[in-house]
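Chain by chain, the residues:
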Amino acid sequence: FCWSLHGQTVPGKEYRVHLDIKEGLPEEDHSSIAKQDHLSTMEAKVNKLKQDMKRVQKEQKYFRNREQRFRKTSDSTNFRAQWFSVIQIVGMFLVTALHLSYLRHYFIKKKIV
């Protein structure tokens, strides 16, 4: 977050900011909802359980989708790393072959071999 103070400011004066952050779902008063809808306490509890189950199912679906995305990313990264290693090995063999070829021609040219 970026905070700034607009308007008149007094140099040397200290400002305090209080943040009250709440997390989670707001608590609902199910007994008052039951009275408004003319439900029994048991029906109100059942409705609360239904809402809780829907929330849990929604979270499970979210985390399942996240896991699938993570799995795809991991597989893709693993695949690329494997091919990069293969390309490095092939490159090392090519450089070695070129070195050997060069040295062979060099020694033949100098009539050392």
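As a starting point, this report considers the structure included with it. Starting afresh in each chain, residues are numbered from 1 along the sequence in its written order. Under the rules for a predicted model, residues below a pLDDT of 70 receive no local features and side-chain atom pairs below 80 are neither given nor counted, while totals for whole chains, interfaces and linings still include all residues. Excluding hydrogens and water, the side-chain values take into account all heavy atoms of the structure.

### Points about the overall build of the protein
Summing up its helical and strand segments, the protein has two helices and zero strands in all. To sort residues, take the accessible area from a 1.4 Å probe on protein chains only and compare it with the maximum for the residue type: under 20% means buried, over 50% means exposed, and anything in between is partly exposed. The 113 residues of the protein split such that 3% are buried. As displayed, the protein offers around 11900 Å² of accessible surface, 60% of which is attributable to carbon and sulfur atoms. Helix and strand definitions here come from DSSP, where helices need a minimum of 4 consecutive H or I residues and strands a minimum of 2 consecutive E residues; each element is numbered from the N-terminal end. The protein chains shown are the only cover counted for residues, whose accessible areas, like all others here, come from Shrake-Rupley with a 1.4 Å probe.

### Some thoughts on the pattern of salt bridges
The term salt bridge refers to a pairing of a side-chain nitrogen on Lys or Arg with a carboxyl oxygen on Asp or Glu at a separation within 4 Å. The tally for this structure, following the rule as stated, stands at three salt bridges. Close ionic contact of K48 with D52 constitutes a salt bridge, the shortest N to O distance being 2.9 Å. You can see K48 and its partner D52 sitting in helix α2 (residues 41-109), four residues apart, about one turn around the helix. Taking the relative accessible area as the measure of exposure, D52 reaches 25% and is therefore partly exposed. Put simply, R55 and E59 hold a salt bridge, and the shortest N to O gap is 3.4 Å. Taken together, the positions of R55 and E59, both in helix α2 and four residues apart, correspond to about one turn of that helix. Judged by its relative accessible area of 39%, E59 falls in the partly exposed class.

### A word on unusual backbone geometry
Even without being a glycine, K111 presents a positive backbone phi close to 60 degrees. Looking at the element boundaries, K111 is found in the segment after α2.

### Remarks on a nonpolar patch on the surface
Patches draw on residues past 30% relative accessible area with no salt bridge. Two like charges within 9 Å are joined, as are two nonpolar side chains (Val, Leu, Ile, Met, Phe, Trp, Tyr) within 5 Å. A cluster of nonpolar side chains, F79, W83, V86, I87, V90 and L94, forms an exposed patch at the surface whose accessible area comes to about 610 Å². Secondary-structure assignment places L94 in helix α2. Judged by relative accessible area, L94 falls into the exposed class, the value being 53%.

### Overview of α2
Relative to the 102 Å expected for 69 residues at 1.5 Å per residue, α2 spans 101 Å between its end C-alpha atoms, a close match to the ideal helical length. In the stretch just after α2, K111 is the one whose phi turns positive, near 60 degrees. To estimate how far a helix should reach, multiply one less than its number of residues by 1.5 Å.

### Side note on the packing of aromatic side chains
Pairing of aromatic rings covers Phe, Tyr and Trp, the last through its six-membered ring, and needs centres within 6.5 Å; plane angles under 30 degrees mean stacked, over 60 mean edge-to-face, and all others mean tilted. Under the defined criterion, the tally for this structure stands at four aromatic pairs. Ring centres 5.2 Å apart and planes at 70 degrees place the aromatic pair Y62 and F63 in the edge-to-face group. In this structure Y62 comes out as partly exposed when scored by relative accessible area, which is 45%. In this structure an aromatic cluster arises from ring pairing among Y102, Y106 and F107.

Such coordinate-based values are descriptive only and should not be taken to indicate function.
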